[in-house]
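This is what each chain is made of:
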Protein chains: 2
Amino acid sequence: MIKRYYAIGIAVTATLLIPTAALASITPVLQPGNPFDPDSPFARLYLPQNAPKGKDKVGPAEWTHAYGSPTHNAGFPVSAHAPAWVRRGVQWNFPEARAWPLTDPTPFGAQVDGVKEALPVQTQFYGNALGVSMVRGVVYAESDDMFAYAINARTGKLIWRTSPVGNNLMGNPLVIGNRVFLSAGSVSFNFANVVEFKTDPDIAGRGKDISYNGIYCLNSKTGKLEWYFPTAGDAMPTPAYAYHSLYISTGDGNVYRINASDGKQIWKTHVGGIANMSSPAVWHGRVYVGMSVVPGLYALNARTGSVDWKGEIPGAVNTGMGDVSPAVAHGIVVMDAVANPKIVDGKPTMVTLVRGFNAKTGTALWTDNMGRGAKIPAFKGGVPMIHGNVVYVGSPVTSDYDAINLDTGKVLWTWHVPHPGPAGAARGAPTYYQHMLYISTGPDLYVLNPKNGQEVGHYHVGGRFGIVNPTIVGGTIYLGNSWDWVNAVPVKDVYSGFNTAKD
Amino acid sequence: MIKRYYAIGIAVTATLLIPTAALASITPVLQPGNPFDPDSPFARLYLPQNAPKGKDKVGPAEWTHAYGSPTHNAGFPVSAHAPAWVRRGVQWNFPEARAWPLTDPTPFGAQVDGVKEALPVQTQFYGNALGVSMVRGVVYAESDDMFAYAINARTGKLIWRTSPVGNNLMGNPLVIGNRVFLSAGSVSFNFANVVEFKTDPDIAGRGKDISYNGIYCLNSKTGKLEWYFPTAGDAMPTPAYAYHSLYISTGDGNVYRINASDGKQIWKTHVGGIANMSSPAVWHGRVYVGMSVVPGLYALNARTGSVDWKGEIPGAVNTGMGDVSPAVAHGIVVMDAVANPKIVDGKPTMVTLVRGFNAKTGTALWTDNMGRGAKIPAFKGGVPMIHGNVVYVGSPVTSDYDAINLDTGKVLWTWHVPHPGPAGAARGAPTYYQHMLYISTGPDLYVLNPKNGQEVGHYHVGGRFGIVNPTIVGGTIYLGNSWDWVNAVPVKDVYSGFNTAKD
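Residues numbered from 1 in each chain as written. Chains lettered and ligands numbered in written order. Predicted model: local features only at pLDDT ≥ 70, side-chain atom pairs only at ≥ 80, totals over all residues. Heavy atoms only, no water.

**Looking at the overall build of chain A**
At step 1: The number of helices and strands found in chain A is 5 helices and 33 strands.
At step 2: C-alpha atoms of chain A, sized along the principal axes, occupy 70 × 60 × 50 Å.
At step 3: The burial tally for chain A puts 68% of its 503 residues in the buried class.
At step 4: Restricting the contact set of chain A to residue pairs at least 6 apart, pairs at least 24 apart contribute 59%.
At step 5: Carbon and sulfur atoms form 53% of the exposed surface of chain A, whose accessible area is close to 15900 Å².
At step 6: Here chain A carries 39 positive and 33 negative side-chain charges, and the mean point of each set is 7 Å from the other. (Helix = DSSP H or I, 4+ residues; strand = E, 2+ residues; numbered from the N terminus. Buried < 20%, exposed > 50% of the residue type's maximum accessible area, 1.4 Å probe, protein only. Contact = heavy atoms within 4.5 Å. Areas by Shrake-Rupley, 256 points an atom, 1.4 Å probe, with all protein chains shown as cover. Lys, Arg positive; Asp, Glu negative; His and termini not counted. Charge placed at Lys NZ, Arg CZ, Asp CG, Glu CD.)

**A look at the sheet that holds strand β33 (residues 485–490) of chain B**
Residues and elements named next belong to chain B.
At step 1: The strand order across the open sheet built from 5 strands is β2-β31-β32-β33-β3, with neighbouring strands paired in mixed fashion. For this open sheet the edge positions go to β2 (75–76) and β3 (92–95), each flanked by a neighbour on one side alone.
At step 2: In this sheet, strand β31 (residues 471–473) lies alongside β2 in parallel orientation, the contact comprising 2 bridges. Its bridge partner being in β31, F76 is matched across the sheet by V473. (Pairing = 2+ DSSP bridges.)

**A short note on the UniProt feature "domain: Pyrrolo-quinoline quinone repeat" (unreviewed entry) in chain A**
Residues and elements named next belong to chain A.
At step 1: Cross-referencing UniProt, the feature "domain: Pyrrolo-quinoline quinone repeat" (unreviewed entry) maps to residues 213–319 and 354–480 in the present numbering.
At step 2: With 0% helix and 50% strand, residues 213–319 has its two end C-alpha atoms placed 21 Å apart.
At step 3: Helix and strand shares over residues 354–480 are 0% and 58% respectively, and the end C-alpha atoms of the span are 26 Å apart. (UniProt positions renumbered as here; feature names shortened; annotations may be inferred.)

**With respect to the domain arrangement of chain A**
At step 1: Domain boundaries in chain A define domain 1 (1–30) and domain 2 (31–494).
At step 2: Computed over C-alpha atoms only, the centres of domain 1 of chain A and domain 2 of chain A are separated by 34 Å. (Domains from an automatic or database assignment.)

**Quick notes on unusual backbone geometry**
Most peptide bonds are trans, and most residues other than glycine sit at a negative phi.
At step 1: One non-glycine residue with positive phi stands out, namely A:H72, at about 70°.
At step 2: Note that A:H72 resides in the loop between β1 (45–46) and β2 (75–76).
At step 3: Take A:H72: its relative accessible area is 2%, and that puts it in the buried class.
At step 4: We note that B:N340 has phi near 50°; this positive angle belongs to a residue other than glycine.

**Some details on the interface of chain A and chain B**
At step 1: Taken together, the contact between chain A and chain B spans 77 residues of the former and 77 residues of the latter.
At step 2: Both sides together, the interface formed by chain A and chain B hides about 6500 Å², and carbon and sulfur atoms give 66% of it.
At step 3: Taken together, chain A and chain B are joined by 0 salt bridges.
At step 4: One can count 11 residue pairs in polar contact (both at pLDDT 80 or more) joining chain A with chain B.
At step 5: Those elements that place two or more of their residues in the side of chain A that touches chain B are α1 (2–17), α3 (110–125), α4 (191–199) and β11 (225–231) of chain A. (Buried area = accessible area lost by both parts, 1.4 Å probe. Salt bridge = Lys/Arg side-chain N within 4 Å of Asp/Glu carboxyl O. Polar contact = N/O pair within 3.5 Å; in protein donor to acceptor, adjacent residues only side chain to side chain.)

**With respect to the pattern of salt bridges**
At step 1: Using the criterion set out here, one finds 11 salt bridges over all chains in the structure.
At step 2: A:K310 serves as the salt-bridge partner of A:E312, at 3.5 Å between the closest nitrogen and oxygen.
At step 3: The exposure class of A:K310 is partly exposed, given its relative accessible area of 37%.
At step 4: Between B:K380 and B:D323 there is a salt bridge, with the nearest N and O atoms lying 3.7 Å from each other.

**A short note on the packing of α4(A) against helix α4 (residues 191–199) of chain B**
At step 1: Across the interface, α4(A) lies against α4(B) with an axial gap of 8 Å and an inter-helix angle of 50°. Taken as axis vectors, α4(A) and α4(B) run oblique relative to one another. The two elements α4(A) and α4(B) meet at a crossing, and its hand is right-handed. From α4(A), A:F191, A:V194, A:V195, A:F197 and A:K198 reach across to α4(B), where they touch B:F191, B:V194, B:V195, B:F197 and B:K198. (Axes fitted to C-alpha atoms, helices over the stretch in contact; angles between N-to-C directions. Parallel < 35°, antiparallel > 145°, perpendicular 65-115°, else oblique. Left-handed = near helix turned anticlockwise from the far one by under 90°.)

**What to know about the relation of the copies chain A and chain B**
At step 1: Expressed as a screw operation, the relation of chain A to chain B combines 0.0 Å of axial shift with a rotation of 180°, fitting to an RMSD of 0.0 Å. Each copy turns onto its partner about a two-fold axis.
At step 2: Counting the interface residues of chain A, we find that 100% of their copies in chain B are interface residues as well, pointing to one common contact surface. (Least-squares fit on C-alpha atoms with pLDDT ≥ 70 in both.)

**With respect to α3(A)**
At step 1: Given a rise of 1.5 Å per residue, 16 residues ought to cover 22 Å, yet the end C-alpha atoms of α3(A) are separated by just 13 Å, more than 12% below that figure.
At step 2: The sharpest bend along α3(A) reaches about 95° and sits at A:K116, with the proline A:P120 one to four residues further on.
At step 3: Taken together, the buried positions of α3(A) are A:A110, A:Q111, A:D113, A:A118, A:L119, A:P120, A:V121, A:Q122, A:T123, A:Q124 and A:F125.
At step 4: Those residues of α3(A) hidden inside the fold are in contact with β30 (454–465) of chain A together with β11 (225–231) of chain B. (Expected span 1.5 Å × (residues − 1). Bend = angle between axes of the 7 residues up to and from the residue.)

**Side note on the pairing of strand β17 (residues 286–291) of chain B**
Residue and element names in this part refer to chain B.
At step 1: Across the 6 residues that make up β17, a large majority, 6, are buried.
At step 2: Alternating positions in β17 separate into two faces, R286, Y288 and G290 on one and V287, V289 and M291 on the other, with burial throughout.
At step 3: Note that strand β16 (residues 281–283) and β17 share 3 bridges and pair antiparallel. Each bridged residue has a counterpart across the sheet, and for A281 the counterpart in β17 is Y288.
At step 4: Connecting β16 to the antiparallel partner β17 that follows it, the hairpin turn spans 2 residues, and H284 within it adopts a positive phi of roughly 50°.
At step 5: Sheet analysis places β17 next to strand β18 (residues 296–301), joined by 6 bridges and oriented antiparallel. Each bridged residue has a counterpart across the sheet, and for V287 the counterpart in β18 is L300.
At step 6: With antiparallel pairing between neighbouring strands as the criterion, β17 and β18 make up a hairpin whose turn holds 4 residues, including V293 at a positive phi of roughly 70°.

**Structural notes on the side chain of B:D104**
Residue and element names in this part refer to chain B.
At step 1: Inspection of the secondary structure puts D104 in the loop between β3 and α3 (110–125).
At step 2: Buried and unpaired, D104 has R464 as its nearest opposite-charge partner, separated by 13 Å.
At step 3: Engagement of the side chain of D104 in a polar contact is seen with the backbone nitrogen of T106, the distance being 2.9 Å.

**Side note on the sheet that holds strand β27 (residues 411–416) of chain B**
Residues and elements named next belong to chain B.
At step 1: What the 4 strands build is an open sheet, ordered β24-β25-β26-β27; its pairing is antiparallel. Looking at the sheet topology across the chains shown, the edges are occupied by β24 (385–387) and β27. Pairwise comparison of adjacent strand axes, ignoring direction, gives a mean angle of 20° for this sheet.
At step 2: Where strand β26 (residues 400–405) lies against β27, 5 bridges are found, and the strand directions are antiparallel. Looking at β27, one finds that A403 is bridged to W413.

**Section: the pairing of strand β5 (residues 138–142) of chain A**
Remember that side chains alternate between the two faces of the sheet whenever the strand is regular.
Residues and elements named next belong to chain A.
At step 1: Extensive coverage of β5 is indicated by the burial of 5 of its 5 residues.
At step 2: Residues V138, Y140 and E142 point to one face of β5 and V139 and A141 to the other, with burial holding for every one of them.
At step 3: What sits between strand β4 (residues 133–135) and β5 in their antiparallel hairpin is a turn of 2 residues, with R136 showing a positive phi close to 45°.
At step 4: Here β5 pairs with strand β6 (residues 148–152) via 5 bridges, running antiparallel. Of the residues in β6, the one forming a bridge with Y140 is A150.
At step 5: The antiparallel pairing of β5 with β6 creates a hairpin that spans 5 residues between the two strands, and M146 there sits at a positive phi of about 80°.

**As for the environment of B:I386**
At step 1: Mapped onto the elements of the fold, B:I386 is located in strand β24.
At step 2: Once you skip the residues sitting within four places of it in the chain, B:I386 turns out to touch B:T71, B:N73, B:A327, B:V328, B:A329, B:I332, B:V334, B:V391 and B:L406.

**Observations concerning the packing of aromatic side chains**
For any pair of aromatic rings, the description rests on two quantities: the centre-to-centre distance and the angle between the ring planes.
At step 1: Following the criterion strictly, the structure yields 55 aromatic pairs over all chains and no others.
At step 2: With a centroid separation of 5.9 Å and 10° between ring planes, the pair formed by A:F108 and B:Y228 is classed as stacked. Separated into two different chains, A:F108 in the loop between β3 (92–95) and α3 and B:Y228 in strand β11 make up a pair that spans both.
At step 3: Among the residues examined, B:Y228 registers a relative accessible area of 4% and is labelled buried.
At step 4: Seen from their ring centres, A:Y247 and A:W267 are 5.9 Å apart, and the 50° between their planes marks the pair as tilted. Residue A:Y247 is located in strand β13 (residues 245–249), and its partner A:W267 is located in strand β15 (residues 265–270); the two are separated by 20 residues in the primary sequence.
At step 5: Under the relative-accessibility criterion, A:Y247 is labelled buried at 0%.
At step 6: Chaining the aromatic ring pairs together yields one cluster made of A:F42, A:F94, A:F147, A:Y149, B:F42, B:F94, B:F147 and B:Y149.
At step 7: The ring of A:F42 has B:R98 sitting right over it, with the charged end atom 3.7 Å from the ring centre.
At step 8: Its end group placed over the ring of B:F147, B:R161 keeps NZ or CZ at 5.7 Å from the ring centre. (Phe/Tyr/Trp six-rings, centres within 6.5 Å; stacked < 30°, edge-to-face > 60°. Lys NZ or Arg CZ within 6 Å of the ring centre and 35° of its normal.)

As structure tokens, this is what we get:
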């Protein structure tokens, strides 16, 4: 043990003695956990016997963005020749490291924070903030419990778990080839940046000197750490993958392009603001990045990092775009924010504004006001999804979902979440799948007819969905939640009209 | 499993449906980890075969304060009849869950934060911020890795580890009878409180809505959770135990007295400010509490919670008392702070002021200026220790330790830490033991002659000691460090003149 100990120590020291300026990324020698104790609770656990085999490797071949793609539509039909379990769907509930009972409607912090505040705290610090990625028969999840998980999509059994750093993992794992990318960060500020925010908000950064932030590259098969790209600000958003690169936005207002193979930095642009949970989208040579505090939508040249244009939503409040990842399709970027705060009957209220931008020029094409409602905790807009020429998006202040014509901004219908709960609902992106619209909000799954917004299905999962979208592959809906579970629900249990195809 | 699942869910729900106002504390039904998965990485691990037996149960019978007592002197001689290993001392290094190589001088975050900033970040987020408690042959430690550990003091083997919540554990575990008390919290603010600090700093609280804070009561033998007292603000400081109660100070400016048996609140007083890492001391019916941001030393009536007096240190900077736990003895409370910032040669500098207060009246008895030095990261004073009528205290801005007459404030000698490193040294309380003074600072242990401040011993441990004091029992020095290790070092290896007593 002594020999190994010294060997590891010297190797790390040598790496770190290279002048910092010469390093664009760091390759830590130490694997997660503790090289001195294979039984460390943070040691990587790899169970190869649980990996999917042969025809079970279904679903997308890669996962390049939060919510699966720049459109955020995470529905993936399978062929009629797919295995029966894929078409019919499977049911399982995988308890992550701190799983809170799904049958308990009350979040952990309710006594001291109240239920209303404790719900977003549970999303930010307890379980999964986003939903899950699904690639070739494996469900990948990141959790606030600081672990990432690879789970067999058919059986719900763990393939690997790992915890490369003491920080929250709040995104969708990206999966490209044989690599998985995690992003680490939390909503926290240290005192120096609290003071900085008072004197000069432009240079205060979220996540600075708060634990360890950045991007972790793992082997997708084993979960083994390949490299780490550290960032000063938090890296809560999910990166976007394109052009063999990862595009990252951080809590100190930076956007990075790094090489997805080795983590080397290609460019870095400081646009200002705080990235929060807004994940970038890459589309036709541009990176679209939402920033908070000074709320803005930035279009950067994906090759050079120069800012092509900046879009705004009039009256957006400081955190208003915080959870909103821009959706892009057909030359239009859709962004939204809570905006225009006003005291009504003695209580703070806001509206949600949705705006379509010309993806090339940044010209605002239309703006849709989804209506005014009570200020909710962690006040932010919902995540938009584009399918065909329709935008589907929620408004947490009204707990409504709207269908909006992508070209004109005309509202096609509005649907109100039946039981939004005290913290409001309608945060997550819907999923359009086999002519129906699936929504995960509060503790529930809903199915709407996308033509008219009529509810045609409902299913109670339990826990809470934060900014979670349903990831649907074949006959199964895969969902992470704030209670620290990954869940598989058969589509036919949620929507009885679902056609599982012939056996 | 289903049956168990429902049973647990219903039990928790029932508990939480009791009206909040009726609850003074909460007893969670869920044990740490995950009741649905006994292999959860956060599951409590209990290895009874490693517990000390018979005569090996040496050391103090209880641990009531940070640094062991209101004087902060953690030296515990043993009788000449103690087992040989106790008198001669033992050597081991216990790697905690994320142990970083002790041979690596560079902290984990150096590349992105720089070494100077990465050192305090490692103390705040990676390993042990304070030293360890030692009771009846067991070393107890809390770590930023979110685990608490009970380790056999003789063998260095794990007896139990547990992680009751996703937050940093930064104090000394208190050990009273068959109970261990942990305090959970971190240095983080959420955005709402960042904004609040800008508009009304008096009501901004550290730790509010940041994960889960409060006091955890465990069975000392097994580590099993008995109850949890949640607090809104962070509970980074170590509570003080007296009168069958725990006295707690929090990041939102509150001081609590709770019943140490059941966690029921007895009183709560809002004094304002932020507790930071200043741990209360109880002495002769009063609780002494240091607060930051509005820096102040408060003396509260331990029975009622009313404030008897408030003491100040002139010119103390906002975080100046942040790491300073008041020491009390012989009717005098000693507190210090970094103060009077001034730009010298274009660089920010500060002084450390140490002040003695009449414990009963709060009258300032004397003030010692330890001199001016460069502003260091996380700028705070050092932790004072009182032995006899002498105060021993460090100044991180000068990396000096002073010996000061407790009654007059007269400086008896000054000793400069030979290799303070870029972040400054001299944070931890010294330990007076068998006529010598032991200091853990930077990666090193030093031994001074307390009569004149001459260095008589030195030992390189590695890693970094944050606000760590040497806990000495018999012939062994026990130390936690920021590299996530608990270390046992024979006293005779540090000070060759140490008398291990006859075998």
